[in-house]
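Working through the structure, step by step
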Amino acid sequence: MPAFVRKGAPALLGAGTLCAALLLTGCAHPAPTTPPTTVKTSAAPTPSGATEATDARPDGVSRIPGIGPLTQARLPDGTAQALVVTGDTENSNTATAVLHQRGPDGRWYQAGGPWSARNALKGWTADHVAGDLRTPTGVFRLGDAGGRLPDPGARLPYDEDPEFAISGTGFHGEPLEGSFDHVIAIDYNRVPGRTPLDKERPLGAGKGGGVWIHVDHGGPTQACVALDRDDLRTLLVALDPAAEPVVVMGPAPELAR
């Protein structure tokens, strides 16, 4: 197995059967673009008739849209990037993902998306167990990535490994091949700082694991979150370990608390 390249990223904390195994038993590039982070300006007249640059970026907000005070309070103090994955209901297996960035002023801005996403066949749960066909709800760090294909420019540590290859079919008979061309490990029941392929489960095997953000194969997953290939590559390039990125995921009514 090739070495897992850390790229100097700090170890992140977090709360895991690999998604590959889950897919086989039921889990399941064009050039990437970076979400704009620069401030756009426009010309505004001054009393003298001259013009000066003004900030034309929409006002940020002190709380991430759709996220309630209890959920936002679970974000680590140093977190400045949050991928919010929202399903309509507890039983939804389709969702919307939006990347939010916190500016130097402490306010949050939309930095990527919205992107269409998929989650587990039966929806969401706050008490995930292996094989329940639901995606864990909560706030989890994002610190490690990898895939069968070469690194598209990620700043997270990226493990290129042929073991990310997958075959078989999903719940709707769709082919799973290519689902793990790129993945981001969600720090649910795993040891942070290791390749997503690592099988150690701190909470025990019964609590599941191998929960990743991976390439959408056209159907619901076992427990993971799936994004369109291009959107996932964009996200990989955008995530910055220095911003201590997290994923905030679950049904909208629960995240709004």
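About the criteria used
Residues numbered from 1 in each chain as written. Predicted model: local features only at pLDDT ≥ 70, side-chain atom pairs only at ≥ 80, totals over all residues. Heavy atoms only, no water. Helix = DSSP H or I, 4+ residues; strand = E, 2+ residues; numbered from the N terminus. Buried < 20%, exposed > 50% of the residue type's maximum accessible area, 1.4 Å probe, protein only. Areas by Shrake-Rupley, 256 points an atom, 1.4 Å probe, with all protein chains shown as cover. Phe/Tyr/Trp six-rings, centres within 6.5 Å; stacked < 30°, edge-to-face > 60°. pLDDT = per-residue confidence, 0-100. Contact = heavy atoms within 4.5 Å. Core = buried A, V, L, I, M, F, W, Y, C linked by side-chain atoms within 4.5 Å. Salt bridge = Lys/Arg side-chain N within 4 Å of Asp/Glu carboxyl O. Pairing = 2+ DSSP bridges.

1. A word on the overall build of the protein
Looking only at helices and strands, the protein features four helices and 13 strands. Per-residue burial for the protein yields a buried fraction of 52% across its 257 residues. Counting every atom, the protein has about 11,200 Å² of accessible surface; 53% of that belongs to carbon and sulfur.

2. Points about the packing of aromatic side chains
What the rule picks out here adds up to three aromatic pairs. Measuring from ring centre to ring centre gives 4.9 Å for Phe180 and Trp212, while their planes differ by 75°; the resulting arrangement is edge-to-face. Note that Phe180 is positioned in the loop between strand S9 (158-160) and strand S10 (183-186) and Trp212 in strand S11 (residues 212-215), a separation of 32 residues in sequence. Look at Trp212 and you get buried, because its relative accessible area is 1%. By way of ring pairs, the aromatic residues Phe164, Phe180 and Trp212 are connected into one cluster.

3. Considering the confidence of the model for the protein
In this model, the protein carries a mean pLDDT of 84, and residues with pLDDT of at least 70 account for 77%. Scored below 50 in pLDDT, residues 1-26 shows 92 contacts in the model against residues more than four places distant or in partner chains. Ignoring residues within four places in sequence, the model shows residues 28-57, a span with pLDDT below 50, making 52 contacts including any to other chains.

4. Focus: the nonpolar core
Of all hydrophobic cores here, the largest spans 31 residues; its most connected members are Leu83, Val85, Ile184, Ile186, Ile213 and Leu235. Broken down by element, the residue count for this core peaks at four residues, all from helix H3 (residues 229-238). With residues up to four places along the chain from it excluded, the contact list for Ile184 reads Leu142, Asp144, Ala145, Leu156, Trp212, Ile213, Leu232, Leu235, Leu236 and Leu239.

5. Side note on the pattern of salt bridges
Inspection of every chain in the model, using the stated rule, returns ten salt bridges. A salt bridge links Asp127 to Lys207, with the nearest nitrogen and oxygen atoms 2.7 Å apart. Highlighted residues: Asp127 in the loop between strand S6 (124-125) and strand S7 (135-136) and Lys207 in the loop between S10 and S11, separated in sequence by 80 residues. When its relative accessible area of 23% is taken as the criterion, Lys207 is described as partly exposed. Of the charged contacts in the structure, one is a salt bridge between Asp144 and Arg190, with a shortest N-O distance of 2.9 Å. With Asp144 in strand S8 (residues 138-147) and Arg190 in the loop between S10 and S11, this residue pair connects regions lying 46 residues apart in the sequence. Both residues of the pair, Asp144 and Arg190, belong to the buried class. Overlapping salt bridges bring together Asp144, Asp187 and Arg190 as one network.

6. Some details on H3
With respect to burial, H3 is a largely interior element, eight of its ten residues being buried. Of the positions making up H3, those classed as buried are Asp231, Leu232, Arg233, Thr234, Leu235, Leu236, Val237 and Ala238.

7. Notes on the pairing of strand S13 (residues 246-251)
Among the six residues that make up S13, six are buried, leaving the element largely enclosed by the rest of the structure. In the sheet, strand S3 (residues 81-87) pairs with S13 via six bridges, with the strands oriented parallel. Counterpart to Ala82 in the pairing with S13 is Val246. With four bridges connecting them, S8 and S13 associate as antiparallel partners. The residue of S13 that forms the bridge with Val139 is Val248.

8. Things to note about the environment of Arg74
By the element assignment, Arg74 lies in the loop between helix H2 (69-72) and S3. Given the relative accessible area of 51%, Arg74 is considered exposed. Distance from Arg74 to Gly138, taken between C-alpha atoms, is 8.7 Å for residues 64 residues apart in sequence. Apart from residues no more than four positions distant in its own chain, Arg74 is found in contact with Gly138 and Val139.

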